[in-house]
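Examining the three-dimensional arrangement
As a plain string of letters, each chain reads:
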Amino acid sequence: MSAHSEETPELIEAGQFIEAAPTVLEAGAEAAGQRLDQWLASALGPDMSRSRVQMLIRQGAVSIDGKPVDETKRKMSAGERVSVVMPEPEPAEPQGEAIVLDVLYEDDELIVINKPAGLVVHPGAGNWTGTLVNALIHHCGDSLSGIGGVRRPGIVHRLDKETSGVMVVAKTDRAHKALSEAFADHGRTGDLERAYLALVWGIPSRPAGTVDAPLGRAADRVRRAVVPEGRDDARHAVTHFTVKERFGEGQQAFATASLVECRLETGRTHQIRVHMAHIGHPVIGDPDYGQAFRTKANRLPERLKGQVKAFSRQALHAWLLAFRHPATHLSMRFEAPIPGDMEELVGGFRKL
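Residues numbered from 1 in each chain as written. Predicted model: local features only at pLDDT ≥ 70, side-chain atom pairs only at ≥ 80, totals over all residues. Heavy atoms only, no water.

Focus on the confidence of the model for the protein
Interpretation of the predicted coordinates at a detailed level should be avoided for regions scoring low in pLDDT. On average, residues of the protein carry a pLDDT of 88, and 92% of them reach 70 or more. Here residues 1-20 is modelled with pLDDT under 50, and outside its nearest four sequence neighbours on either side it reaches 51 contacts, counting other chains as well. (pLDDT = per-residue confidence, 0-100. Contact = heavy atoms within 4.5 Å.)

Some details on the pattern of salt bridges
With the rule as written, the count across this model stands at 23 salt bridges. Between E245 and R350 there is a salt bridge whose closest N-O contact spans 2.7 Å. With E245 in strand β13 (residues 238-247) and R350 in helix α7 (residues 340-350), this residue pair connects regions lying 105 residues apart in the sequence. Note that R333 and E335 form a salt bridge whose closest N and O atoms lie 3.2 Å from each other. R333 sits in the partly exposed class, given a relative accessible area of 49%. Take E335: its relative accessible area is 46%, and that puts it in the partly exposed class. Shared partners join several salt bridges into a network, and the residues in it are R158, D160, R273, D286 and D288. (Salt bridge = Lys/Arg side-chain N within 4 Å of Asp/Glu carboxyl O. Helix = DSSP H or I, 4+ residues; strand = E, 2+ residues; numbered from the N terminus. Buried < 20%, exposed > 50% of the residue type's maximum accessible area, 1.4 Å probe, protein only.)

Let's talk about the packing of aromatic side chains
Applying the stated criterion to the full structure yields four aromatic pairs. With 5.7 Å between their ring centres and 45° between their planes, Y105 and F334 make a pair best called tilted. With Y105 in strand β6 (residues 103-106) and F334 in strand β16 (residues 331-335), the pair connects residues that are 229 residues apart, well separated along the chain. Judged by centre distance (6.1 Å) and plane angle (80°), the ring pair of W201 and F349 falls under edge-to-face. Remark: F349 occurs in helix α7 and W201 occurs in strand β9 (residues 193-201); sequence separation between them is 148 residues. Judged on exposure class, the residue W201 and its partner F349 are both buried. Linked through ring pairs, Y105, F323 and F334 together constitute an aromatic cluster. (Phe/Tyr/Trp six-rings, centres within 6.5 Å; stacked < 30°, edge-to-face > 60°.)

What follows is the structure in structure tokens.
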């Protein structure tokens, strides 16, 4: 392999690179037949992981002979010139930002907030600013410093960007340790209690039930999916659900829906969304796991159809969080009402 770089990149935190000009590599004879991601990871050196290379390819940062490529498995040929545009480095630590928080409770040990839909919890790829962590650093000041890591100070659990509801954040090491253990245990042996409300398509055949199905990565390696129990990435996942309201039951003209309460026995990424879709009742508005049900909106009255199509997120809300305070050991319980956009949508279904 021969390689040429117009400027040697300087490696900084988390595999980020400073970009002055594209890094250009030329494939030698031994590259022929190799996968692009494998060859490129090797060519860029030991500090560049294969998963990082795959992300760069999918983000459109890699070109071959001047043409962008997005296929990680693409086979290489000798003599090809591969250009890699490294992203600008991000700050080593998130900075405080004056983002308004809906604070439900706060003391020296912890803060409880009602997270709005649309707010990312902690900085990550594509969301380095404007997150809950940025807001908390501004609000709490130095009290979050060093608790739970630089990128996720104080964070002991999270909600998806478009999921609203109650969250607790630790402000001391003692609180972080106790709350982290409680969330890891999911309330099986302690006082932790979490409940979500989801507006889903259809009406489950039973008023209550349990979905016990392992989760792993979907074929696109981004989303999650129910996978065979023996697969390497399979993770135990259990969701308990109770139907709270039924909409459109007993009529045939329109699509039906339900308001369902979900309680987690495990806490996997996208768990409620994947499990409800798995049993045929995806969360309304879910862009990742409810796509197959989008046409159901066409089987609704015109006004409600317009509401559903205008609802641009999953109708999922964490309405209840209860836990034992890590310092006082008192039981604490917090509730957050369904946000206005979701309440309006539920109200539309109540008229079916």
